[in-house]
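A structural walkthrough
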2 protein chains.
Amino acid sequence: MKLYWGKLLLTKNLSEELKVVTDATKSHKYPAFKRGPHDDRYFLTSDERILEYDIDSVVFEENSPYQKVQIVHSKSLGNLLILDELQNLSERDLIYTETLMQRGKVDYKGKEVVILGGGDGALLYELLKEEPAFVTMMELDEVVLRACREHLRGCCGNCLDQLKGDKYEIIVDDCVKSLDKMIKDGKKVDFVFGDLTDIPVSTSPQGEAWDFIRLILNKAMQVLKPKGMYMTHGNGASSPQSLKMFEEQLNNLKVPVEFTTDRAFVPSFLEDWVFYQVWQKPLPN
Amino acid sequence: MKLYWGKLLLTKNLSEELKVVTDATKSHKYPAFKRGPHDDRYFLTSDERILEYDIDSVVFEENSPYQKVQIVHSKSLGNLLILDELQNLSERDLIYTETLMQRGKVDYKGKEVVILGGGDGALLYELLKEEPAFVTMMELDEVVLRACREHLRGCCGNCLDQLKGDKYEIIVDDCVKSLDKMIKDGKKVDFVFGDLTDIPVSTSPQGEAWDFIRLILNKAMQVLKPKGMYMTHGNGASSPQSLKMFEEQLNNLKVPVEFTTDRAFVPSFLEDWVFYQVWQKPLPN
């Protein structure tokens with residue numbers, strides 16, 4: 001069982017004494033909220049519960065044209081990418097990338113891959129270890145790339161040091177534009193990853209949030225080979241409502257699809273996250 | 001990267017607009033604190049950060065003569081034992097027990113084991129699977145045993161259904177008294193587990209918190225065979241100060257000892273926890 005020492009025991013005793021003195025039926029002590037010049041110690045779970053992180057410094061902060069980009073240092077998670085106040089990826093989150101790409105279950109050898117977003121470089125870095133034919137990453141935000149290249153090397157290694165390598169290219173532009181070009185050129189690939197950040201990050205008109213997600217999904221299906229697969233992160237396992245809404249979008253695409261899900265506890269999210277694998281429904285014989 | 005939908009997007013947009021209207025340089029939204037008849041959604045990490053749990057009901061609540069015993073239900077953790085407002089063990093915490101007992105690294109077959117505390121029954125239940133000769137558990141609080149027997153079966157299985165079995169006995173009494181009897185009788189065992197709850201839970205006079213911990217450690221060392229081992233939980237990995245203080249107690253026992261540590265992420269603690277393995281220093285040749 002759990003044992004606390006020190007300050008907590010003092011406050012516990014104080015709380016007990018106050019209870020007697022004030023004749024209260026119950027009491028519950030909370031630590032003071034810590035506000036300051038960089039008060040981003042508090043982040044939310046997918047079901048909007050508050051969590052206080054052990055963040056001790058802000059390593060990088062810059063407002064890009066698209067979002068607020070921060071890298072903070074957590075004592076237990078290492079460096080952590082924060083985009084518009086949402087925790088995105090920490091140096092302890094390899095399980096996030098491995099579950100997203102279904103490592104060990106999917107063979108990338110010799111395959112063509114597109115990453116939509118993925119600016120932290122973690123997915124690109126891990127995919128390149130699987131000997132794919134070529135990976136094309138389409139990331140809009142140069143600031144994210146720069147922040148992660150410098151301060152999130154525990155995730156991206158050296159793969160953001162240059163935009164083009166033997167086996168990959170990073171196109172710094174709106175992925176909608178890049179996808180449209182692929183569609184126009186008739187270029188098809190084996191895997192597309194939806195590794196985009198928050199909804200408003202696009203230069204294209206997008207209407208409602210779900211319209212944008214459906215737009216991306218429909219375009220992604222168009223650049224997939226018939227047996228290709230679309231893979232993406234979903235939402236927290238404790239947010240079944242959001243997962244259901246996403247699945248309704250999947251069931252509402254121009255091309256009928258089937259999908260499976262997998263889940264993993266992501267250290268920097270402090271909760272279970274659900275990931276999707278989507279493919280085109282085979283035509284009936 | 002992470003994607004949020006729904007309510008959060010609304011508050012984000014509102015926050016952005018207020019920032020412009022009020023000419024603020026920054027803004028940060030927090031969810032409202034949820035208070036109610038059972039406001040125990042909030043628990044702390046070892047370094048006193050606040051965490052909000054997805055608790056949706058209180059399954060059991062009773063004030064024993066020693067502590068406040070609660071079992072609450074969490075959507076992601078299952079049932080969770082709370083003692084004096086500290087999260088103790090949930091039905092997703094097998095890793096806690098396995099790290100405490102060093103499963104796979106220590107052989108319990110045919111061994112004599114004593115558990116000090118351990119009222120949730122998880123350690124007893126897991127140890128009995130390892131075919132020990134006999135396990136004696138010394139738990140003070142009958143209310144904890146009753147609560148866990150009924151509502152924490154994901155941890156203790158059926159091993160709290162009766163106080164005595166072929167291979168174990170649960171003595172419902174102060175472990176200090178039971179240890180003194182063992183010492184007087186000259187009874188020695190292979191393993192002693194320090195699985196006690198918060199400090200004030202004892203009927204014996206104990207002075208300061210550290211005095212009590214040292215008292216237990218000294219008595220435990222007296223009932224161990226020369227090559228026996230004492231195993232216990234320490235504290236959060238993010239609380240090096242507390243760990244250091246505990247290690248000072250270890251270095252201050254009547255019998256000189258050596259120790260190793262192991263650590264694991266405990267789901268219901270939402271942090272890494274450190275566990276200790278302690279044994280008597282061999283005499284110089």
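Residues numbered from 1 in each chain as written. Chains lettered and ligands numbered in written order. Predicted model: local features only at pLDDT ≥ 70, side-chain atom pairs only at ≥ 80, totals over all residues. Heavy atoms only, no water.

Formally: UniProt positions are given in the numbering used here, feature names are shortened, and annotations may be inferred rather than shown by experiment.
Named according to an unreviewed UniProt entry, chain A is PABS domain-containing protein originating from Laodelphax striatellus. Reading the Sequence similarities (unreviewed entry) entry of the UniProt record for chain A gives the comment "Belongs to the spermidine/spermine synthase family."

**With respect to the overall build of chain A**
Using the following cut-off: To qualify as a helix, a DSSP run of H or I must reach at least 4 residues; to qualify as a strand, a run of E must reach at least 2; elements of each kind are numbered from the N terminus. In this scheme, a residue with accessible area under 20% of its type's maximum is buried, one over 50% is exposed, and one in between is partly exposed, where area comes from a 1.4 Å probe on protein chains only. In what follows, a contact means two residues having at least one pair of non-hydrogen atoms within 4.5 Å.
Each helix and strand counted, chain A has 8 helices and 13 strands in total. When each of the 285 residues of chain A is scored for burial, the buried share is 55%. Summarising the internal contacts of chain A: among those between residues at least 6 apart in sequence, 60% fall at separations of at least 24.

**Side note on the confidence of the model for chain A**
What counts here: Predictor confidence is given residue by residue as pLDDT, running from a minimum of 0 to a maximum of 100.
Summarising the model, chain A shows a mean pLDDT of 89, and 88% of its residues fall at 70 or more. Here the predicted complex scores 0.86 on pTM and 0.84 on ipTM.

**Focus: the packing of helix 6 (residues 175–185) of chain A against helix 7 (residues 209–222) of chain A**
When two helices pack together, their arrangement is given by the angle between their axes and by how far apart the axes lie. All names here are of chain A. The condition that has to hold: Every axis in this analysis is a line fitted to C-alpha atoms, fitted for helices over the stretch in contact. Angles between the N-to-C directions lie between 0 and 180 degrees. In what follows, roughly perpendicular refers to angles from 65 to 115 degrees, roughly parallel to angles under 35, roughly antiparallel to angles over 145, and oblique to any angle outside these ranges. By the definition used in this description, the sense in which the near helix is turned from the far one sets the handedness, with an anticlockwise turn below a right angle giving left-handed and a clockwise turn giving right-handed. Three classes are used, and their members are as follows: Ala, Val, Leu, Ile, Met, Phe, Trp, Tyr, Cys and Pro are nonpolar, Asp, Glu, Lys and Arg are charged, and the others, Gly among them, are polar.
Where helix 6 meets helix 7, the axes come as close as 9 Å, and the angle between the chain directions of the two elements is 30°. As judged from the angle between their axes, helix 6 and helix 7 are roughly parallel. The crossing of helix 6 and helix 7 is left-handed. When helix 6 is examined against helix 7, the residues Cys175, Val176, Leu179, Asp180 and Ile183 are found in contact with a partner set consisting of Phe212, Leu215, Ile216, Lys219, Ala220 and Gln222. Within the contact of helix 6 with helix 7, the residues separate by chemical class into 8 nonpolar, 1 polar and 2 charged.

**A look at the side chain of Asn79(A)**
All names here are of chain A. Applied cut-off: Throughout this description, a polar contact denotes any pair of N or O atoms lying within 3.5 Å of each other; where both atoms belong to protein, one of them has to be capable of donating a hydrogen while the other can accept it, and for residues adjacent in sequence the pair is counted only when both atoms sit in side chains.
Looking at the secondary structure, you find asparagine 79 in strand 5 (residues 78–83). Reaching out from asparagine 79, the side chain makes a polar contact with the backbone oxygen of histidine 151 at a distance of 2.7 Å. When near neighbours in sequence (up to four residues on either side) are disregarded, asparagine 79 contacts Val59, Ile71, Val72, His73, Leu89, Ser90, Glu91, His151 and Leu152.

**What to know about the sheet that holds strand 3 (residues 55–63) of chain B**
Residue and element names in this part refer to chain B. To be explicit about the condition: Here, a strand pair is defined by DSSP locating no fewer than two bridges between the strands.
Strand order in the open sheet formed by 4 strands is 3-4-5-6, with antiparallel pairing between adjacent strands. A single partner strand is all that each edge strand has here, and the edge strands are strand 3 and strand 6 (86–90). Sheet twist, expressed as the mean angle between neighbouring strand axes with direction ignored, is 25°. Bridging between strand 3 and strand 4 (residues 68–74) involves 7 bridges; their strand directions are antiparallel. Bridging from a neighbouring strand, glutamate 61 pairs with glutamine 70 of strand 4.

**Focus: the sheet that holds strand 6 (residues 86–90) of chain A**
All names here are of chain A. Taken in spatial order, the 4 strands make up an open sheet running 3-4-5-6, and their pairing is antiparallel. Only two strands of the sheet have a single partner each, and these edge strands are strand 3 (55–63) and strand 6. Each strand axis lies, on average, 25° off the axis of its neighbour in the sheet, ignoring direction. Where helix 4 (residues 142–151) meets the sheet, its contacts fall on strand 3, strand 4 (68–74) and strand 5, and the angle it forms with strand 3 comes to roughly 145°.

**Comments concerning the packing of aromatic side chains**
All names here are of chain A. Let me state the cut-off plainly: Aromatic rings from Phe, Tyr and Trp, taking only the six-membered ring of Trp, are treated as a pair when their centres fall within 6.5 Å; an angle between ring planes under 30 degrees marks them as stacked, one over 60 as edge-to-face, and anything in between as tilted.
What the rule picks out here adds up to 17 aromatic pairs over all chains. Where phenylalanine 43 meets tyrosine 53, the ring centres are 5.4 Å apart and the plane angle is 85°; that geometry is what we call edge-to-face. Here phenylalanine 43, found in strand 1 (residues 42–44), pairs with tyrosine 53, found in the loop between strand 2 (50–52) and strand 3; they are 10 residues apart in sequence, far enough to count as distant. Taken as a pair, phenylalanine 43 and tyrosine 53 share a single burial class, namely buried. Judged by centre distance (4.7 Å) and plane angle (70°), the ring pair of phenylalanine 269 and tryptophan 273 falls under edge-to-face. A residue is classified by how much of its surface remains accessible, and tryptophan 273, at 1% relative accessible area, is buried.

**Topic: helix 4 of chain A**
All names here are of chain A. Where helix 4 is concerned, the buried positions are Val143, Val144, Leu145, Ala147 and Cys148. Packed against the buried residues of helix 4 are strand 3, strand 4, strand 5, strand 8 (134–139), helix 5 (153–156) and strand 9 (168–172). A distance of 3.0 Å separates the backbone nitrogen of valine 143 from a side-chain oxygen at the start of helix 4, and that oxygen is part of aspartate 141.

**Focus: the environment of Gly119(A)**
Residues and elements named next belong to chain A. With respect to the secondary-structure elements, glycine 119 resides in the loop between strand 7 (112–117) and helix 3 (122–128). Note on glycine 119: relative accessible area 0%, which makes it buried. Remark: the alpha-carbon pair of glycine 119 and proline 267, spanning 148 residues in sequence, is separated by 19 Å.

**Some thoughts on the domain arrangement of chain A**
All names here are of chain A. Applied cut-off: What marks off one domain from the next here is an automatic or database domain assignment. In short, buried area is how much 1.4 Å probe accessible area vanishes from two parts on joining, totalled over both. Counted as salt bridges are all cases of a side-chain nitrogen of Lys or Arg within 4 Å of a carboxyl oxygen of Asp or Glu.
With domains assigned, chain A is organised as domain 1 (42–90) and domain 2 (93–280). Distance between the C-alpha centres of domain 1 and domain 2: 20 Å. Across the boundary between the two partners, domain 1 contributes 24 residues, which contact 29 residues of domain 2. Among the residues domain 1 hides against domain 2, the three largest losses belong to Ser46, Tyr66 and Leu89. Together they make up 29% of the total. Where domain 1 meets domain 2, there are 1 salt bridge. Residue glutamate 62 pairs with arginine 146 through a salt bridge whose shortest N-O separation is 3.0 Å. Run the count over domain 1 and domain 2 and you get 9 residue pairs in polar contact (both at pLDDT 80 or more). Elements with a minimum of two residues in the side of domain 1 that touches domain 2: strand 3, strand 4, strand 5 and strand 6. Class assignment for the residues of the side of domain 1 that touches domain 2 results in 13 nonpolar, 8 polar and 3 charged.

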